[in-house]
Amino acid sequence: MFLLGTVKFSVEPITEILIEVVIGSLVILVTWLILSKKKCAIHNPCSSRTGMEVNHITHRKSNDGIGLVFFGKGEKEFEMDQLFASQAEVLGKGTFGCTYKANLEGKDALVIKRLKTRPRAFGKEKIEDLGGMVHENLLPLKAYYHGEDETLLISNYMPMGSLSHFLQGRTSISLNWHVRRKIAYGVARGIEYLHSQGPNVCHGNLRSSNILLTNSFDARVSEFGIAQLLPAESKLNCIAGYRAPELANANNTVSQKTDVYSFGVVLLELLTGKPPKHGVSEDLPKWVISMFQEKPIIDVFDQKLLTNQDMEIEEQMFLILQLAICCTFQYPKNRPSIAVVANRIRDICYSGSS
Ligand SMILES: Nc1ncnc2c1ncn2[C@@H]1O[C@H](COP(=O)(O)OP(=O)(O)OP(=O)(O)O)[C@@H](O)[C@H]1O
C-alpha cells in the first residue's frame, strides 16, 4: 500500500499531518477490503504496457542552429514562409504565450505556441530533449522554430479539443465513466513516462485544458516541460486550483510532487464534473473534504455519472476519489508517486471483469 511508506513525522504542524495520516489509513483499509474481494486478472486498456513508441526519434537540425527544426523521421513538412503566410486563428493566451491554430493548404492543421519569454541559455537543447519524449499519451512536439526574436513550438492540432472543453459543458457530449477512467489512466501513464526521464523532469503545468483528446477519447497531454524551459515563469504556472500548496513558498519550484497534486485535481474534476476552483475562493480538494463532513459521499460525484446505478462503477469512483485525495495531500512527501498512482488506477479500474 502506497501511503504507509510515504508518511513520516516531522516538525510540521502535527494536526495537519495527523489528518492526512487518518485519511490515509482509512483509504488503505477501505481499499484493501474492497480490492481483496477482486480477482487479479489485469486487463490493460492500452496496447503496450509502457506506451512508448518503438520508433526512435531522429532530430533533424538546421545547419546553423537557428531556424526550423523537425522531430521524428518524417520529411520536412513545411517551410517557415508557408507557416507565416498561413491563415491563423488565436486559440488562447496561456501562461507561456499565445497559441495559434494555423491552416496550411493541403495539410493537417497545426498549433503554434509563441513563447512570450525567450528560453534561457541552452533552451534549444532543452526543447530538443522535449522533442525526444515520445509516449502514446503525450502530444509530441512536431517541430520548433528558434529565430533571432522569437521561439515557436509546433504540434498537431487536435480537433476534439481538451478535457476541460468537455467537462465545462462547452459541448453536448457527456463523458461516461468508462471514458473518464480511460482518460485518467492515460494521463497518469503519460506523466509516469515523463517522470521516468529523470528526477527533475516534470510537466509543471498539468491541467484539464492541457489534456487533449483523440477521436476515440484517448488522452494526449500537451505543454509538458515548458515550465522548466522558462524558469522565471515557473512561479506563475500551475494556475490557481491546480497549484500545489508548497508553491506558495517563493523558494519552491514545480516538481514531480506538484505534478501529482495537479493530477489529483484533474481526477477530482473527472469525478465531480466541477471546475478546479469551486465557488469564489474554494479549491476543489477543500470542497470535496468539506462535503464529506456535511453530506453523503455520493453527493460529491457528477450526477451525470450516477444515472445507471451500477454498483461496480460506483465502487471504482469511490476508490478513485480516495486516490485523488491522497494526490492532493498538503505535504508533498505524503503524496504517492505518479507511478504508484498509475498502478492503482489500473488495479481499481481494470483488474475486474469490466
Ligand atoms: N494541439 C492542440 N489542439 C487543439 N487545441 C489546443 C491544442 N493546444 C492547445 N489547445 C487549446 O487552445 C487553447 C489555448 O491554449 P493555451 O495553451 O494558450 O492556453 P491554456 O492551455 O488555457 O493555458 P496554459 O498555457 O496556461 O496551460 C486551450 O483551450 C487549449 O485546450
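Structure: see above.
The structure contained in this document is the topic of the report that follows. These numbers come from a predicted model, not from an experiment.

For the rest of this paragraph, the subject is the overall build of the chain. Summing up its helical and strand segments, the chain has ten helices and ten strands in all. Residues classed as buried in the chain amount to 51% of the 354 residues present. Of the contacts formed within the chain by residues at least 6 apart in sequence, a portion of 65% connects residues at least 24 apart. Just so you have it, the chain exposes about 16,900 Å², and 55% of that area is on carbon and sulfur atoms.

Of note, Gly 123 is situated in helix H3 (residues 123–131). In this structure Gly 123 comes out as buried when scored by relative accessible area, which is 5%. Residues Gly 123 and Tyr 350, 227 residues apart in the sequence, show an inter-C-alpha distance of 40 Å.

Turning to the nonpolar core, a few remarks are in order. Core analysis: the biggest nonpolar cluster contains 78 residues, and Ile 183, Val 187, Phe 263 and Ile 345 have the highest contact counts within it. Among all residues touching Phe 263, those that are not within four sequence positions of it are Ala 184, Val 187, Ala 188, Leu 206, Cys 327, Ile 338, Val 341 and Ile 345. Counting residues in each nonpolar core, the second largest holds 13 residues, with Phe 70, Ala 102, Leu 110 and Ile 154 among its members.

A separate point is helix H5 (residues 177–195). Helix length check: H5 (19 residues) gives 27 Å between terminal C-alpha atoms against 27 Å at 1.5 Å per residue, within 8%. Most of H5 sits inside the fold, with 16 of its 19 residues counted as buried. The N-cap of H5, judged by a side-chain oxygen 3.0 Å from the amide nitrogen of His 178 a few residues on, is Asn 176.

Next up on the list: the side chain of Glu 223. For Glu 223, the position within the fold is in the loop between strand S8 (219–221) and helix H6 (226–229). Of note is the side chain of Glu 223, whose polar atom sits 2.8 Å from the side chain of Lys 113. Aside from chain neighbours lying at most four places away, what touches Glu 223 is Phe 96, Lys 113, His 203, Asn 205 and Asn 210.

One way to put it is that H5 packs onto helix H10 (residues 338–350) with a least axis distance of 8 Å and a crossing angle of 155°. Judged by the inter-axis angle, H5 sits roughly antiparallel to H10. H10 is crossed by H5, and the crossing has left-handed handedness. Side by side, H5 and H10 meet where Trp 177, Arg 181, Lys 182, Ala 184, Tyr 185, Ala 188, Ile 191, Glu 192 and His 195 of the first sit next to Ile 338, Ala 339, Ala 342, Ile 345, Arg 346, Cys 349 and Tyr 350 of the second. For the contact of H5 with H10, the per-class residue count stands at eleven nonpolar, one polar and four charged.

We now examine the pattern of salt bridges. Applying the stated criterion to the full structure yields nine salt bridges. For Glu 77, the salt bridge is made with Lys 142, and the minimal N-O distance between the two is 3.3 Å. Here Glu 77 is found in the loop between strand S1 (67–70) and helix H2 (80–85), whereas its partner Lys 142 is found in the loop between H3 and strand S5 (143–146), with 65 residues between them in sequence. When its relative accessible area of 37% is taken as the criterion, Glu 77 is described as partly exposed. Its relative accessible area of 15% is what places Lys 142 among the buried residues.

Moving on to the side chain of Ser 86. Residue placement: Ser 86 occurs in the loop between H2 and strand S2 (87–94). Look past the residues within four positions of Ser 86 in its chain and what remains in contact with it is Ala 102, Asn 103 and Leu 104.

Next up on the list: the sheet that holds S2. Read across the sheet, six strands follow the order S1-S5-S6-S4-S3-S2 without closing on themselves; strand pairing throughout is antiparallel. Looking at which strands have only one partner, the edges of the open sheet turn out to be S1 and S2. Between one strand axis and the next, the sheet turns by 20° as a mean value, whatever way the strands run.

This next bit is on the site of the ligand. Within the structure, the ligand sits among 18 residues, and Thr 95, Thr 99, Met 158, Arg 207 and Glu 223 are positioned closest to it. Residue Lys 113 places a side-chain N or O atom 3.0 Å away from an oxygen atom belonging to the ligand. Between the ligand and Arg 207, the relevant distance is 2.8 Å, taken from an oxygen atom to a side-chain nitrogen or oxygen of the residue. Here the ligand, which alone exposes 600 Å², has 87% of that area covered by the protein. At three residues, S2 tops the list of elements feeding residues into the shell around the ligand. Here the residues of the shell around the ligand are counted per class, giving six nonpolar, nine polar and three charged.

Turning our attention to the pairing of strand S4 (residues 110–115). Here is the key point about a regular strand: its side chains alternate between the two faces of the sheet. The element S4 is largely enclosed, with a buried count of five among its six residues. Pairing between strand S3 (residues 97–103) and S4: six bridges, direction antiparallel. Paired with Ala 102 across the strands is Leu 110, a residue of S4. Connecting S3 to the antiparallel partner S4 that follows it, the hairpin turn spans six residues, and Gly 106 within it adopts a positive phi of roughly 75°. Where S4 and strand S6 (residues 151–156) come together, five bridges link them in antiparallel fashion. Bridge pairing in S6 links Arg 114 to Leu 152.

What counts, and where the lines are drawn
Note that residues are indexed from 1 along each chain, following the sequence as it is written. Reporting of local features is limited, given that this is a predicted model, to residues whose pLDDT is at least 70; pairs of side-chain atoms are given and counted only at 80 or more, and all residues count toward the totals for whole chains, interfaces and linings. For the side-chain quantities, the full set of heavy atoms in the structure was used; hydrogens and water were omitted. A run of DSSP states H or I qualifies as a helix once it reaches four residues; a run of E qualifies as a strand once it reaches two. Both are numbered from the N-terminal end. Residue burial is assigned from relative accessible area. The probe radius is 1.4 Å, only protein chains are included, and a residue is buried under 20% of its type maximum, exposed over 50%, and partly exposed in between. Should any heavy atoms of two residues lie within 4.5 Å, those residues are counted as being in contact. Per-residue and other accessible areas were derived by the Shrake-Rupley procedure at a 1.4 Å probe size, with only the shown protein chains allowed to occlude residues. Nine residue types can take part in a nonpolar core, namely buried Ala, Val, Leu, Ile, Met, Phe, Trp, Tyr and Cys, and a core is a set of them joined through side-chain atoms within 4.5 Å. Expected helix span is computed as 1.5 Å times (number of residues minus one). Whenever a nitrogen or oxygen atom comes within 3.5 Å of another N or O atom, the pair is scored as a polar contact, on the condition that within protein one atom can donate a hydrogen and the other can accept it, and that pairs from neighbouring residues in sequence are kept only if both atoms are in side chains. Helix axes are fitted to C-alpha atoms over the stretch in contact, other axes to C-alpha atoms as well, and angles between N-to-C directions run from 0 to 180 degrees. For classification purposes, an angle smaller than 35 degrees is called roughly parallel, one larger than 145 roughly antiparallel, one from 65 to 115 roughly perpendicular, and anything else oblique. A clockwise turn of the near helix away from the far one marks a right-handed crossing, whereas an anticlockwise turn of less than a right angle marks a left-handed crossing. Only Asp, Glu, Lys and Arg are considered charged in this grouping, and only Ala, Val, Leu, Ile, Met, Phe, Trp, Tyr, Cys and Pro are considered nonpolar; every other residue, Gly among them, is considered polar. Whenever Lys or Arg places a side-chain nitrogen within 4 Å of a carboxyl oxygen from Asp or Glu, that contact is recorded as a salt bridge. Any two strands with at least two DSSP-identified bridges between them are counted as paired. Here, proximity means that at least one heavy atom of the residue falls within 4 Å of the molecule or strand.

By themselves these figures say nothing about function.
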